[in-house]
Structure formats: C-alpha cells, structure tokens
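What follows is each chain in one-letter form.
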Amino acid sequence: MNFDAFVKDIEDNNWCVFGTEVYENGVLTHSWGDTTESLHELYSATKTVESVAVGIAYDRGLIDFNKSILDYLPKENVEKLSESQTEVFKKVTIQRLLTMSVDGIPFRAEGDSWIDFALSSKIQNPDDKVFNYNNINVYLVGVALTEILGEDLGGFIEREIFKPLGITDYEYERGPEGYFYGASQMKLTVHDLSKIGLLLYNKGVYDGQRIVSEEYVDMATSIQQMNREGGYGYYIWKYRDGFSINGKWKQKCYVLPERGIIVTYLSHIEDDSHDLLDSMEKNILGITKE
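Since the structure is predicted, the reported quantities are computational estimates derived from the model, not experimental observations. (Residues numbered from 1 in each chain as written. Predicted model: local features only at pLDDT ≥ 70, side-chain atom pairs only at ≥ 80, totals over all residues. Heavy atoms only, no water.)

1. Looking at the packing of aromatic side chains
According to the stated counting rule, one finds 23 aromatic pairs in the structure shown. Judged by centre distance (6.2 Å) and plane angle (90 degrees), the ring pair of Tyr133 and Tyr232 falls under edge-to-face. Taken together, the positions of Tyr133 in the loop between α6 (114-119) and α7 (136-149) and Tyr232 in the loop between α10 (214-221) and β7 (237-239) put the pair 99 residues apart, joining distant regions of the chain. (Phe/Tyr/Trp six-rings, centres within 6.5 Å; stacked < 30°, edge-to-face > 60°. Helix = DSSP H or I, 4+ residues; strand = E, 2+ residues; numbered from the N terminus.)

Structure representation (structure tokens):
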C-alpha cells in the first residue's frame, strides 16, 4: 500500500477530494484532508443509511420484503389509485424497491405529493425484474418505514444508527409531505461515512454493539439484482470481492472484507472519469490496469 502516492495524485491533479481514510482490519491506519471537521454531501450514499434502517425494521419483524409497497403506504394515497394502478402496484414489493428492479419508475419525484407522483408511474411489465436506478424507490421505502415505525424515520435513524455510531453532526432533508427523503441530501463527515462502512464490514456490529443483524447485512451487501456495474444489493453496490457505498460525484466507501480494507473519500468531481478510482486501486489495493 502506498497511501502517500494516492495523496500525491490527488494533490498533483487538483482533484476536488475533501478527505480520505483507509482502514486495515477495522483500524484507521491512514488519513488525509478534512475527515472530521466539515460536513459534505453524500448524495446517493444516503441510500445506504436508509438501508441500515430497513435492516433494523426487518430484524424486529416489522417489514415483510415480499409484501406490496401498498400494504405500508398511507391509506389516503392508496385509495386514490385507479383499479389498474392498484393491480400494478400490488406486484411492486419492498424487495423490488430495495433492489431497484422495477422498470418504468422515474428517477425523481415532482410536485407537492411525491407519493402520488410515484404511484402514477407507468409500469408496463411489473413482473419483469429490470434494473432501474432511481430515487423514488428509496423515498417510498422511507415512507413505508415511517408508517411502520409510527415515528419520523429521520429521528429513528438519529437514535438507532447515528447515536450508537457516535455520529453527532449531520444534516438531512425531507420531501414536501414531511417524510425523510432517504435517497440523497444527507451530509456527514468523511470519518462518519467510514463508520457506516465499518458497521457493514463488521456484519452489523460497531464498537461491540450490534445495531443490525448479520443476516440482513449479508443480504444487503450481496448481489440481489444484476446490472452492468456487476450487481446491486439493498441500496449497496457490488465492488470487486466486496461492496461499496456510492454517491454521484465520487462520494465513496469501498469495503473489501476479504482483504481487510475499507477506503472512504468524499469528493465533488462532476464527471464520469475513473482517474481517482484508478489511483486508489493502484496505490491502495495494488491493482493495476492492463
């Protein structure tokens, strides 16, 4: 491992990386930049935080992944649906929303009621499992969790996830109906995103305390739906022999349990380049491109 070479690449190329950390066998061994002071946008890495909340509800027997999303949404929204839309969404299970495998749902919601907008989606073949990455799925699951728990999901995450992880500084947003957004718009420090990675690396345990079950972590971090990137779990991406937490402008936490390595960085690089990833793989993981 050549952490200094990775940092040199960041500095020499003026990549907009706020900070980065490397853990070996669960211990922080390398750190550069602002990892503990400033909050930074996670974008879609927020989805993984909601996934942990889903796991806690699952562990408590509160949610059945094989049930339709309609079983968990507010009745006033479900009762507005036409007969045809009701029949379609009866086939849209929690499992399908967790794995992004419902074709026809738009990327993001619009208007004053994101629930109604989501339920108006034109899904032609609800039985077909097609990878369709979007923010609406996460919002709907978050609404379902709120209804199941009987409390605000944001507050639940603060108490059941952030508090035991020692995360005290954070920001997150809500949709127009007041529900936790879940798909994006959360801010954490680099170090605190690493804690989410460590929780998953340790199969649901952090600092000796079990937060979510090993059963759920195994499901969430394994391939549940194939895609061109190599596979997707429950709001968690497959990455080589491990998995990753991803945001759209290179907000990353790579977790490689077999190698005993976690690499986290928060950045803001608005392009599709792989230069930062290539440098990380070369210098941290020892992987070179042929």
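2. Some remarks on the pattern of salt bridges
All chains considered together, the criterion is met by 15 salt bridges. In this structure, Glu160 engages Arg159 in a salt bridge whose closest nitrogen and oxygen atoms are separated by 2.9 Å. Owing to a relative accessible area of 39%, Arg159 belongs among the partly exposed residues under this scheme. A salt bridge links Glu171 to Lys187, with the nearest nitrogen and oxygen atoms 3.8 Å apart. With Glu171 in the loop between α8 (153-165) and β4 (187-188) and Lys187 in strand β4, the pair connects residues that are 16 residues apart, well separated along the chain. (Salt bridge = Lys/Arg side-chain N within 4 Å of Asp/Glu carboxyl O. Buried < 20%, exposed > 50% of the residue type's maximum accessible area, 1.4 Å probe, protein only.)

3. Overview of the side chain of Ser279
For Ser279, the position within the fold is in helix α11 (residues 275-285). Accessibility expressed as a relative area gives 5% for Ser279, which makes it buried. Beyond its immediate stretch of four places on either side in the chain, Ser279 contacts Phe6, Asp9, Trp15 and Ile284. (Contact = heavy atoms within 4.5 Å.)

4. Some thoughts on the sheet that holds strand β10 (residues 261-267)
Strands sit in the order β2-β1-β10-β9-β8-β7 across an open sheet of six strands; the sheet is antiparallel. Only two strands of the sheet have a single partner each, and these edge strands are β2 (27-33) and β7. Direction aside, neighbouring strands of the sheet carry axes that sit 15 degrees apart on average. Lying over the sheet, α11 contacts β1 (17-24), β7, β9 (251-256) and β10, oriented at roughly 150 degrees with respect to β10. (Pairing = 2+ DSSP bridges. Axes fitted to C-alpha atoms, helices over the stretch in contact; angles between N-to-C directions.)

5. Looking at the environment of Thr20
Positionally, Thr20 belongs in strand β1. Here the alpha-carbon distance between Thr20 and Lys252, two residues 232 residues apart in the chain, equals 9.5 Å. Among all residues touching Thr20, those that are not within four sequence positions of it are Phe3, Phe6, His30, Ser31, Trp32, Thr35, Val190, Val263, Thr264 and Tyr265. Polar side-chain contacts of Thr20 include one of 2.8 Å to the backbone oxygen of Thr264. (Polar contact = N/O pair within 3.5 Å; in protein donor to acceptor, adjacent residues only side chain to side chain.)

6. What to know about α7
Helix length check: α7, at 14 residues, gives a terminal C-alpha distance of 20 Å against a target of 20 Å (1.5 Å per residue), a fit within 8%. Gly150 sits one or two positions beyond α7 and adopts a positive phi of about 70 degrees. (Expected span 1.5 Å × (residues − 1).)

7. Looking at the packing of helix α2 (residues 46-59) against α8
Where α2 meets α8, the closest approach of the two axes is 10 Å, and the angle between their N-to-C directions is 80 degrees. One way to sum up the angle between α2 and α8 is to call them roughly perpendicular. Of α8, the residues touching α2 (which contributes Val49, Glu50, Val52, Ala53 and Ile56) are Leu153, Phe156, Ile157, Glu160, Ile161 and Phe162. When grouped by side-chain class, the residues that make up the contact of α2 with α8 number nine nonpolar, no polar and two charged. (Parallel < 35°, antiparallel > 145°, perpendicular 65-115°, else oblique. Nonpolar A, V, L, I, M, F, W, Y, C, P; charged D, E, K, R; others polar.)

8. Re the side chain of Ser44
Within the element layout of this structure, Ser44 appears in the loop between β3 (40-41) and α2. Here Lys47 takes part through its side chain, which lies 2.7 Å from a polar atom of the side chain of Ser44. A polar atom in the side chain of Ser44 sits 3.1 Å from the side chain of Tyr133. Not counting residues up to four positions away in its chain, the partners in contact with Ser44 are Tyr133, Asn135, Ala183, Ser184, Asn246, Gly247 and Lys248.

9. Some details on the nonpolar core
In summary, soluble globular proteins display a tendency toward joint burial of nonpolar side chains. The biggest cluster of nonpolar side chains holds 80 residues, and the ones touching the most others in it are Ile69, Leu73 and Ile161. Examining the composition of this core, we find that ten residues originate from one element, α7, more than from any other. Residue contacts for Ile69: discarding those within four places in its chain leaves Phe89, Val92, Thr93, Ile94, Leu97, Leu140 and Ala144. One finds Trp15, Leu256, Met280 and Ile284 within the second-largest nonpolar core, a separate group that totals 19 residues. (Core = buried A, V, L, I, M, F, W, Y, C linked by side-chain atoms within 4.5 Å.)

This is a description of form; function is not addressed.
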